[in-house]
Amino acid sequence: MSDWLEHSVQVEVDIPIELSWNLWSDLEQMPRWMKWIDSVHVLEDNPELSRWKLATGGLEFSWLSRILKLVPNQIIQWESVDGLPNRGAVRFYDRHGSSIVKLSVAYAIPGFLGQLMDNLFLGRVVESTIQADLERFREYALNLKSQ
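A short tour of the structure in this document, coming up.

Quick notes on the overall build of the protein chain
The helix and strand tally for the protein chain stands at three helices and seven strands. Element order for the protein chain, N to C, with α for helix and β for strand: β-α-β-β-β-β-β-β-α-α. By the burial criterion, 39% of the 147 residues in the protein chain qualify as buried. Considering only intrachain contacts with a sequence separation of at least 6, the fraction spanning at least 24 residues in the protein chain is 48%. Accessible surface, the protein chain as shown: approximately 8,400 Å² in total, 52% of it carbon and sulfur.

Looking at the pairing of strand E6 (residues 86-94)
Note: strand E5 (residues 75-83) against E6, five bridges, orientation antiparallel. When the bridges of E6 are listed, Glu79 appears paired with Arg87. In this antiparallel pair of consecutive strands, E5 and E6, the connection spans two residues.

Criteria and cut-off values
- Residues numbered from 1 in each chain as written.
- Predicted model: local features only at pLDDT ≥ 70, side-chain atom pairs only at ≥ 80, totals over all residues.
- Heavy atoms only, no water.
- Helix = DSSP H or I, 4+ residues; strand = E, 2+ residues; numbered from the N terminus.
- Buried < 20%, exposed > 50% of the residue type's maximum accessible area, 1.4 Å probe, protein only.
- Contact = heavy atoms within 4.5 Å.
- Areas by Shrake-Rupley, 256 points an atom, 1.4 Å probe, with all protein chains shown as cover.
- Pairing = 2+ DSSP bridges.

Given below as structure tokens:
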């Protein structure tokens, strides 16, 4: 039995929506701004599948993820098909020269782990981490834009 936790965070970035989209749709680049993501490898024989590895505090998790919905400049939606149970979406909103990136992530906490850790505490840690990831994305994207 698992409990699902879900978080949504967003950031406005002073770059065109096309650049935000291009950066996020290149999944293998995500470890550049996602603190806990150690690596992402898109499967050559099936590009809608990717192998993810998360590493934090001595813990390591991996999963295979499938893209469920891909609409350029609008949404990338996924779900895990094995390994760490998770799902979510990155949505893009055009602000005429800038863009809003909204990341929603849901993940399953195994019952035994949920009993060991207070879900509220874990939720705050995860939410602050993914918000910091979006802030790192903004810095990364602005540095690229100024080059």
